[in-house]
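# Report on the structure
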Amino acid sequence: MARKEDGLMSPTTQSTADEKEVLTPNNDAMNTTGTGWRKLSEGDERRGAASGEEIQIELNETVATTRDTAKKADAGSGAASVSAAEMVEYKVYRRRWFGLVQLTLLNVIVSWDWLTFSPVASHAARYFSTDENTINWLSTAFLFAFTAITPLVIYVLHLGPKPSIVTSAALILVGNWIRYAGCRSGEKGLFGVVMFGQILTGLAQPFVLAAPARYSDLWFTNRGRVAATALTSLANPFGAALGQLIIPFWVEGPGDVSRMVLYVSVISTVCALPAFFIPARPPTPVAPSSQTPKLSLISSAKFLLRQTEFYLLFVPFAIYVGLFNSISSLLNQVLLPHGYNDEEAGIAGALLIVVGLVASAITSPLIDKYKSYLLAIRIAVPIVGLCYLVFIWMPGTRDSGGVAGPYVIMAVMGAASFSLVPVVVEFLVELTHPISPEVTSTLAWSGGQVLGGIFIVVSGALKGEGGKMERALVFHAVLALVAVPLPLCLGCFGRGEKLVLRRVRSDEVEGRRGAEA
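Only a predicted model underlies this, so the values are computations on that prediction, with no experimental measurement involved.

### Some details on the overall build of the protein
Each helix and strand in the protein was counted, giving 21 helices and four strands. Split into buried and exposed, the 517 residues of the protein put 58% on the buried side. Looking at the protein alone, contacts between residues at least 24 apart form 86% of all its contacts between residues at least 6 apart. Here the protein displays about 19500 Å² of accessible surface, and carbon together with sulfur accounts for 65% of that area.

Dropping the structure here:
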């Protein structure tokens, strides 16, 4: 039998799991006595897809119906004890941190792989006997690879986060060592082989960059999902910062390029191998919403096509991620014509990311606590737009102000941008629940990656006399400012009711039912 303690139903037997942390009655995800979760039938999916602007969440009624059916079945069979499912206890597990750390490491190293050559583009161009625009294609192809494999990523993540993480680790291992083999082939390397390895690492990125929302939905309650998503998502630009900061110190000339690629390959191997040993899923659900039946991919697509709020978040997110990818890849080429050196440009890129990480570490727990998604977006978006505008004039301040101008703007831009990323990813999941988290997160990141590749190509074509990139910076600023009004329209024009946090509400409703039971 189960006993009731402080409003929670819990088994009388003590679990032997060494790492379980039982949620207290004050937590958002309360215990229920549901007998399990059924998949949505075709009729359910049709109703979900045809609900127009808003899906009516009927999942709690589904759980209640299933629970009542199980009780009747037990009574009819004369069972002396309640069903095993009635003793389900929602818990969070310490083992979730192992998977979270591994997902973080993979996001760090896959981004480092992306910017392996960009911080030393001039040396790499001489080593491979080509030009800087060709070296830029190593970064561009990496971003386009993300979009090419997006449908497969959504399908794999639909199966769970572990298959996606393992797939990424395997691609990272193979891609890195192929790149090194290409660098070591012949006196000047084989650029085509290096490009092939780079594309493989690019294919690895979406499997981990789109995974944080899915992982946090499965392993965390709504009190920690934003922070978990922030840690793993923002590890990606942190890897870019490490690459921009460290690689210039490893490469002093063209002859050092192959040795640098070897170092990156060794680090990638160390980071990728533990991915094969992470747990696939928690033994029991951590919250009702983590086990809520999700809409099929087709039904999800039909719903998103009609939801205005999705576009008001998706479009600016994709633009700002694309601009970040572009400015990160081209920062050396933006600053060097004005008298900066590789190390100073690397520090500017590192400031963009490190300050952003610190800001996100401060804001994410607050947003987790107060669920102030909309306020955070309305504050951060205008700041990001203004930073791109002001940065047009910063490279030219070298003679009068030294490095201060670019450094300050990069720091402010990083703080606003990085605080924004996990908020938008989680807000998209909340507004579209019960669509599975990987659908919106993968689409959002894919949009950012393909735009990033396009922006890099366009920016390279906009180079002026002496390689200066003022016209490219103007291009960036115009796009950043055009995107500002879109998220500011959220909740306006009588659409405030469309901003309901559906996943949080699902947990709260089921928590009240569990307490009443």
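The structure having been displayed, the exposition proceeds.
### Brief notes about the pattern of salt bridges
Counted by the stated rule, this structure contains six salt bridges. The residue lysine 463 makes a salt bridge to glutamate 132 at a minimum N-O spacing of 3.9 Å. With lysine 463 in the loop between α18 (437–461) and α19 (470–483) and glutamate 132 in helix α5 (residues 132–148), this pair connects stretches of sequence that are 331 residues apart. A residue is classified by how much of its surface remains accessible, and lysine 463, at 22% relative accessible area, is partly exposed. On the basis of relative accessible area, glutamate 132 is assigned to the partly exposed category, the value being 29%. One salt bridge in this structure joins aspartate 256 and arginine 259, with 3.2 Å as the shortest N-O distance. Since its relative accessible area comes to 39%, arginine 259 is described here as partly exposed.

### Re the side chain of threonine 229
Within the secondary structure layout, threonine 229 lies in helix α10 (residues 225–250). Apart from residues lying up to four places away in sequence, threonine 229 is in contact with Pro212, Ala213, Ser216, Leu234, Pro422, Val425 and Glu426.

### A look at the packing of α5 against helix α13 (residues 308–335)
The packing of two helices is summarised by the inter-axis angle and the distance between the axes. Their axes nearest at 11 Å, the elements α5 and α13 cross at an angle of 160°. In terms of axis orientation, α5 runs roughly antiparallel to α13. Judged by the sense of rotation from one axis to the other, the crossing of α5 with α13 is right-handed. Here Glu132, Asn136, Ser139 and Leu143 of α5 lie close against α13, whose contacting residues are Asn325, Ser329, Leu330 and Gln333. Here the contact of α5 with α13 is built from residues that sort into two nonpolar, five polar and one charged.

### Considerations on the packing of aromatic side chains
Across all of its chains, the model carries 15 aromatic pairs by this definition. Relative to tyrosine 180, the ring of tryptophan 177 has its centre 6.0 Å away and its plane inclined at 85°; by these criteria the two rings are edge-to-face. Residue tryptophan 177 and its partner tyrosine 180 are located together in helix α7 (residues 161–184), separated by three residues, close to a single helical turn. With a centroid separation of 5.4 Å and 15° between ring planes, the pair formed by phenylalanine 310 and phenylalanine 314 is classed as stacked.

### Focus: the environment of proline 283
Note on placement: proline 283 falls in the loop between α11 (257–272) and α12 (297–305). Those residues in contact with proline 283 that lie beyond four places of it in its chain are Tyr93 and Arg95.

### Section: the environment of tryptophan 97
Structurally, tryptophan 97 can be placed in helix α3 (residues 96–114). Overall, tryptophan 97 belongs to the partly exposed group, its relative accessible area being 39%. Residues tryptophan 97 and isoleucine 278, 181 residues apart in the sequence, show an inter-C-alpha distance of 9.8 Å.

### Side note on a nonpolar patch on the surface
A surface patch of nonpolar side chains, amounting to about 560 Å² of accessible area, comprises Phe238, Val354, Val358, Ile362, Leu366 and Tyr370. A per-element tally of the nonpolar patch places helix α14 (residues 342–370) first, with five residues. Position of leucine 366 relative to the elements: it lies in helix α14. Under the relative-accessibility criterion, leucine 366 is labelled partly exposed at 46%.

### Section: unusual backbone geometry
Peptide bonds are mostly trans, and most non-glycine residues show a negative phi. Cis rather than trans, the peptide bond between histidine 433 and proline 434 has omega equal to 15°. The topology assignment puts proline 434 in the loop between α17 (404–432) and α18. The backbone of lysine 371 sits at a positive phi, close to 55°, despite the residue not being glycine. Phi at phenylalanine 493 takes a positive value of approximately 60°, unusual for a residue other than glycine. Relative to the elements of secondary structure, phenylalanine 493 occurs in the loop between α20 (485–488) and α21 (502–516). You can call phenylalanine 493 exposed: its relative accessible area is 75%.

### Describing the side chain of threonine 201
Relative to the helices and strands, threonine 201 is located in helix α8 (residues 191–209). By relative accessible area, which is 0% here, threonine 201 ends up buried. Ignoring any residue separated from it by four or fewer positions in sequence, one finds threonine 201 in contact with Val110, Asp113, Phe142, Ile172, Gly175 and Asn176.

### A look at the packing of α10 against α14
It is at 8 Å that the axes of α10 and α14 come closest, and there the two elements cross at 170°. Comparing the axis directions of α10 and α14 gives the class roughly antiparallel. Among the residues making up the contact of α10 with α14, the classes are represented as 16 nonpolar, five polar and four charged.

### Here's the deal with helix α6 (residues 150–159)
Inspection of α6 places Thr150, Val153, Ile154, Val156 and Leu157 among the buried residues, and these make up the whole buried set. Once α6 finishes, glycine 160 follows within two positions and takes phi at roughly 140°, a positive value.

### Some words on α17
Taking 1.5 Å as the rise per residue, α17 with 29 residues should run 42 Å; its terminal C-alpha atoms sit 42 Å apart, in good agreement. Most of α17 is tucked away: 25 of the 29 residues are buried.

### Some points on the confidence of the model for the protein
Scored by pLDDT, the protein comes out at a mean of 80, with 81% of its residues at no less than 70. The low-confidence segment residues 1–86 (pLDDT under 50) makes 161 contacts with residues lying over four places distant or belonging to another chain.

### Observations concerning empty space enclosed by the protein
Empty space among the atoms can be located by rolling a probe the size of a water molecule over them. The full count for this structure, using the stated rule, is one cavity of 30 Å³ or more. Space inside the largest cavity adds up to approximately 310 Å³. Along its surface, the largest cavity is lined by 28 residues, and Tyr320, Val321, Phe324, Val421 and Trp445 are the ones closest to its centre. When residues of the lining of the largest cavity are traced back to their parent elements, those giving at least two are α3, α8, α10, α13, α15 (373–390), α17 and α18. Considering each element in turn, the lining of the largest cavity owes the most residues, eight residues, to α13. Residues that form the lining of the largest cavity fall into these classes: 22 nonpolar, six polar and no charged.

Calculation notes
- Residues numbered from 1 in each chain as written.
- Predicted model: local features only at pLDDT ≥ 70, side-chain atom pairs only at ≥ 80, totals over all residues.
- Heavy atoms only, no water.
- Helix = DSSP H or I, 4+ residues; strand = E, 2+ residues; numbered from the N terminus.
- Buried < 20%, exposed > 50% of the residue type's maximum accessible area, 1.4 Å probe, protein only.
- Contact = heavy atoms within 4.5 Å.
- Areas by Shrake-Rupley, 256 points an atom, 1.4 Å probe, with all protein chains shown as cover.
- Salt bridge = Lys/Arg side-chain N within 4 Å of Asp/Glu carboxyl O.
- Axes fitted to C-alpha atoms, helices over the stretch in contact; angles between N-to-C directions.
- Parallel < 35°, antiparallel > 145°, perpendicular 65-115°, else oblique.
- Left-handed = near helix turned anticlockwise from the far one by under 90°.
- Nonpolar A, V, L, I, M, F, W, Y, C, P; charged D, E, K, R; others polar.
- Phe/Tyr/Trp six-rings, centres within 6.5 Å; stacked < 30°, edge-to-face > 60°.
- Patch = residues over 30% accessible without salt bridge, like charges linked within 9 Å, V, L, I, M, F, W, Y side chains within 5 Å.
- Expected span 1.5 Å × (residues − 1).
- pLDDT = per-residue confidence, 0-100.
- 1 Å grid on protein atoms, 1.4 Å probe; cavity = no way out; pocket = protein on both sides within 12 Å on 5 of 7 lines; lining within 4 Å.
- Points joined across faces, edges and corners; volume = space filled by probe spheres on them.

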